[in-house]
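Structural overview
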Amino acid sequence: MAALGALVKKVWSVRRVLVLLGAPLALLPVLLSLPPKEGRCLYVILLMALYWCTEALPLAVTALLPIVLFPFLGVLPSNKVCPQYFLDTNFLFLSGLIMASAIEEWNLHRRIALRVLMLVGVQPARLILGMMLTTSFLSMWLSNTASTAMMLPIANAILKSLFGEKDTSKDLNRENEENQASLQQNKLYTVPTEMQFLASTEDKDLREEKEVASDVISDFKKEEEYKTNIWKGFLISIPYAASIGGTATLTGTAPNLILLGQLKSYFPECDVVNFGSWFMFAFPLMLIFLLMGWLWISILYGGINLRGWRIKKSNIRVDAEARAREVIKEDYQKLGPTKFAEQAIFFFFCMFAIMLFSRDPKFIPGWASLFAPGFITDAVTGITIVIILFFFPSQKPSFRWWFDLKAPNTETQPLLTWRKAQETVPWNIILLLGGGFAMAKGCEESGLSVWIGGRLHPLEGVPPPVAVILITVVIAMFTEFASNTATIIIFLPVLAELAIRLKVNPLYLMIPGTVGCSYAFMLPVSTPPNSIAFSSGHLMVKDMARTGLLMNLMGVLLLSLAMNTWAKSIFQLGTFPAWANIHAENATSLMTAVENVTLSALNKI
C-alpha cells in the first residue's frame, strides 16, 4: 500500500512538471493566430485557465501570473496590473473575512447553530431542515468551507446519539445475518435483541416462531437501511446548503465579488449592483432553493415518508430522538451563559449587515446619500465596522476604573487581535480575486473581449431566456470539474460581450453565470464543502451524483425563474442600459480598428 502511494505521488509530480513546462509550449500557436495584443492576452488567460483546472500551481500563485506575463508580453504595464489586486471589491471581501474570523473566535456561530437545532426539533426531516437553514445562514457571512467544517461535527454527534456508531450498526447487521444462518442450520429460530422484541415461546408451535422471527429480521433490516439513508441525508445536506447560502450575499462567496469587480472594470457607470440590491435578488432565491432542496433530500433519504405520515414511530426511534435532544441541549449548555464578547460581536455583526444593506438600497435613499456622491462604497462600510473589532474590549468595561486611581492598569483584550486575523483570514482568496480582476483588465485593454464578441455571431439569434438557461447549464457543468472562482473569471468577459451582441442588459447574462458557479452538487471534487462531507467516509460518489443531478436541474430552473421575474425590476433588466450602450459604442470602434489592423497584416503577407 505504501509503495502504491509513493507511485501515485511520483506520477502526480511528473504530471505537474509536464503541465508546467508543456502548457506554455502547447499554447504558442495562439500567439501566431491572432492579432498581436489580443493573442498575447489570450495566451496568458488560457495558460492560467489550464493551471487552475489542473492545479499544477497553487491557485493563488497562478493568480499572480498577470503581474509577470502582462508587462513582459506588452499587454498591460505593471502600474495598471498591480492595483487590480487591491481594488475596492477586495476590501469589501476582506471586511467579510475579518468579521467571520471574529465570529469564530468567540464561538457565536456554534451557539447560533445549536439554538436553531433546539428550536426545529429532533425528528430527522426537521433536523435536516435545521442543519440546512443554519449552514446556509452561516455561509452568507462565513466561507462555505468554514460553515461546512463547523456543522459536520455537530451533525455527527447528533447522528451518533440517534443511531449509535455507523460502523457498529453495520457490524450488528452482519452479526445478525450470521446468527440467523447458524440458528436456521440448527432448526432454531430467535429474535434479535437489538429490536427489543419480547416474544414468549410458550403455547406456540414452531411455524409461528418461524413467522415471528422472519418478520422481526425483516423489520431489523429495514431499520438499518433507514439509519443508513438518514445518515447520508444529514451529511449531504450540509455542503449543499453551504453552496446555496453563499449566493445570498455579495460577500458570501468569491464569484459574487468577481462579478462586482468586473462590472466596475467593463462598465464603470453601472451602479445597480450593491450589497442591498443583490440581497433582495438572491435571498428569496436562496430560500426557495433551500426549501426545494430540503424536500428532495428528505424524500430521497427517508426523512419524509410520503406513504407513512400516520404510521406510529417505533419505541427505538422515540428513544433515539430523545437522546439526540439531550445531546444538542448538553452541547449548548457547555457553551455556558452568553458572554459580553458574544453579545458585542452579535451587535457589530448586525450593524455590519444593516449598514451594508441600507447604504444604497435603490428603492429608497440610503444613508450614503448624506455624503458626497460616489465617495462611500460597501468597502468603506465594511472596513469601518471591522476596525472597531480591533479595539473594542471583549470584557464588559467598568466605569469605576476611570475614577479609581489605585486600580491596576491592565490591558484589556479586544474582540479580535491582529494575530488571530492573520491566522484565520484566507489571504490566498484575496490574491485569487486580484488575479481575476487583472485578467478582466487585460481583456478590456488589449481588445480581446471585443475580439471574442466578434466571434459570437451565431448566438445572436438565440432568445435571451433560452440563453440564460444554456449559460447556467454550461457553467454549472463546467464548475463540477474546475474551481468556482476560476470558472467565473474565465466566463464573465465572454458573457459581457455576448450580452452586447444580443442587445440585452449585461446583468441578464452575467448574474446567472455568477450564481450558476455555486451550483456544483454532483461530485466530491466540485467544491471544498463537497470534499469535506465526502471525506467522512459515509457517502459514495453515486450518492452525490444522483442527489446533485436534480439539485443542479432545480437550481437552473429556479435561477431562470428569478431572472425573468423579480430580478427584472431590481436590476432593470428589461432595457438596454446607457452604461452598457457606451461600452458597446467603444467596442464597435475598437473592433473596427482591430479588423483594419488584421487586414493590413494580411495584405503585407
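Here the structure is a predicted model, which means the values were calculated and not measured.

**Structural notes on the overall build of the chain**
Along the chain, the regular secondary structure elements total 27 helices and 0 strands. The buried share of the chain, taken over its 605 residues, is 49%. Within the chain, contacts between residues separated by at least 24 positions form 80% of all contacts whose residues are at least 6 apart in sequence. Within the structure as shown, the chain displays about 29500 Å² of accessible surface, and the carbon and sulfur contribution to it stands at 64%.

**A word on the packing of helix α14 (residues 275-300) against helix α23 (residues 507-516)**
Where α14 contacts α23, the two axes come as close as 13 Å, and the packing angle between them is 50°. By the angle between their directions, the pair α14 and α23 is classed as oblique. As for the relative orientation of α14 and α23, their crossing is right-handed in sense. Mapping the contact onto sequence places W278, F281 and L285 in α14 and I511, T514 and V515 in α23. A class-by-class count of the residues in the contact of α14 with α23 yields 5 nonpolar, 1 polar and no charged.

**Focus: the packing of helix α3 (residues 36-54) against helix α5 (residues 65-72)**
At a minimum axis separation of 10 Å, α3 and α5 run at an interaxial angle of 155°. Classified by the angle their axes make, α3 and α5 are roughly antiparallel. Remark: the crossing between α3 and α5 carries right-handed chirality. For the pair formed by α3 and α5, the contact residues are C41, V44, L47, M48 and Y51 on the first element and L65, P66, L69 and F70 on the second.

**Brief notes about the confidence of the model for the chain**
Here the chain shows a mean pLDDT of 79. Residues at 70 or above account for 77%. Contacts from residues 167-206, a stretch scored under 50 in pLDDT, to residues over four places away or in other chains number 36 contacts. In this model, residues 590-605 is a region of pLDDT below 50 whose contacts with residues beyond four sequence positions or in other chains number 9 contacts.

**Details of the packing of aromatic side chains**
For the structure shown, the criterion picks out 21 aromatic pairs. Pairing W141 with F275 gives two aromatic rings, centres 6.1 Å apart and planes at 25°, and the pair type is stacked. One end of the pair, W141, is in the loop between α9 (124-139) and α10 (144-163); the other, F275, is in helix α14, and 134 residues separate them in sequence. As far as the burial class goes, W141 and F275 line up, both buried. Of the aromatic side chains, those joined through ring pairs into one cluster are F137, W141, F275 and F349. Over the aromatic face of Y332 sits the side chain of R111, whose NZ or CZ is 5.5 Å from the ring centroid.

**Things to note about the pattern of salt bridges**
Going through the model one piece at a time under the given rule, you end up with 9 salt bridges. With a closest N to O distance of 3.6 Å, E342 and K339 form a salt bridge. Assessed through its relative accessible area of 3%, E342 is described here as buried. With its nearest N and O atoms 3.7 Å apart, the salt bridge here joins K441 to E445. Of the two residues, K441 and E445 both sit in helix α19 (residues 427-446), 4 residues apart, roughly one turn of that helix. Sharing partners across several salt bridges, the network here consists of K80, K441 and E445.

**Concerning helix α25 (residues 541-563)**
The end-to-end C-alpha separation of α25 is 32 Å, in line with the 33 Å expected for 23 residues at 1.5 Å each. The axis of α25 is deflected most strongly, by about 30°, at G548.

**Regarding the side chain of S298**
Its location among the elements puts S298 in helix α14. Within the local environment of S298, its side chain forms a polar contact with the backbone oxygen of W294, the two atoms lying 2.8 Å apart.

**Structural notes on a nonpolar patch on the surface**
Together, I288, L291, M292, L295 and I299 line one region of the surface with nonpolar side chains, adding up to about 380 Å² of accessible area. Examined against the element boundaries, L295 turns out to sit in helix α14.

**A look at the state of the cysteines**
For the coordinates displayed, the defined rule picks out 0 disulfides. Cysteine C443 remains unbridged, with the sulfur of C41 as its closest cysteine sulfur at 4.3 Å. Given a relative accessible area of 3%, C443 falls into the buried group.

**Structural notes on the nonpolar core**
If you look at the biggest cluster of nonpolar residues, it comprises 157 residues, and the most contacted ones within it are F267, F281, L509 and F571. If one sorts the elements of this core by residue count, helix α22 (residues 484-502) sits on top with 11 residues.

**Quick look at α3**
Helix length check: α3, at 19 residues, gives a terminal C-alpha distance of 27 Å against a target of 27 Å (1.5 Å per residue), a fit within 8%. One or two residues past the end of α3 sits E55, with phi positive at roughly 55°.

**Focus: the side chain of N505**
Residue position: N505 is located in the loop between α22 and α23. Among the polar contacts made by the side chain of N505, one reaches the main-chain carbonyl oxygen of Q572 at a distance of 3.1 Å. If we skip the residues at most four places from it in the chain, N505 touches A499, F571, Q572, L573, T575, F576, P577 and W579.

Parameters and conventions
- Position labels on residues start from 1 in each chain and follow its written sequence.
- With pLDDT at 70 or above as the cut-off, local features in this predicted model cover only qualifying residues; side-chain atom pairs require 80 or more to be listed or tallied, and sums for whole chains, interfaces and linings still use all residues.
- Values reported for side chains reflect all heavy atoms of the structure, with hydrogen atoms and water molecules removed beforehand.
- Going along the chain from the N terminus, every DSSP run of H or I of four or more residues is numbered as a helix, and every run of E of two or more is numbered as a strand.
- The buried label applies to any residue whose accessible area, calculated with a 1.4 Å probe on protein chains only, is under 20% of its type's maximum; exposed applies above 50%, and partly exposed to all values in between.
- Any two residues whose heavy atoms approach within 4.5 Å are treated as being in contact.
- Where accessible areas are quoted, they stem from the Shrake-Rupley method and a 1.4 Å probe; at the residue level, only the protein chains shown are allowed to cover.
- Inter-axis angles, ranging from 0 to 180 degrees, are taken between N-to-C directions of lines fitted to C-alpha atoms, where helices are fitted over the stretch in contact.
- To sort the angles, those under 35 degrees are grouped as roughly parallel, those over 145 as roughly antiparallel, those from 65 to 115 as roughly perpendicular, and the leftovers as oblique.
- Note on convention: the crossing is left-handed when the near helix lies turned anticlockwise from the far helix by less than a right angle, right-handed when the turn is clockwise.
- Each residue receives one of three labels: charged for Asp, Glu, Lys and Arg, nonpolar for Ala, Val, Leu, Ile, Met, Phe, Trp, Tyr, Cys and Pro, and polar for the others, Gly being one of them.
- The predictor reports its confidence for every residue as pLDDT, a score running from 0 up to 100.
- Ring geometry is summarised as follows: Phe, Tyr and Trp rings, the Trp one being its six-membered ring, pair when their centres sit within 6.5 Å, and such pairs are stacked at plane angles under 30 degrees, edge-to-face over 60 and tilted between the two.
- Whether a charge sits over a ring depends on NZ of Lys or CZ of Arg being within 6 Å of the ring centre and within 35 degrees of the ring normal.
- Each salt bridge in this description consists of a side-chain nitrogen of Lys or Arg and a carboxyl oxygen of Asp or Glu lying within 4 Å of one another.
- What a helix is expected to span follows from its residue count: subtract one and scale by 1.5 Å.
- Bend angle per residue: angle between axes fitted to the 7 residues ending at that residue and the 7 residues starting there.
- We define a polar contact as two N or O atoms separated by no more than 3.5 Å, with the added condition that, inside protein, one atom must be a possible hydrogen donor and the other a possible acceptor, whereas residues neighbouring each other in sequence contribute only through side-chain atom pairs.
- In this analysis, a patch consists of residues with relative accessible area above 30% that form no salt bridge, clustered at 9 Å for like charges and at 5 Å for the nonpolar side chains Val, Leu, Ile, Met, Phe, Trp and Tyr.
- What counts as a disulfide here is a pair of cysteine sulfur atoms lying within 2.5 Å.
- Only buried Ala, Val, Leu, Ile, Met, Phe, Trp, Tyr and Cys residues count toward a nonpolar core, and they belong to the same one when joined by side-chain atoms within 4.5 Å.

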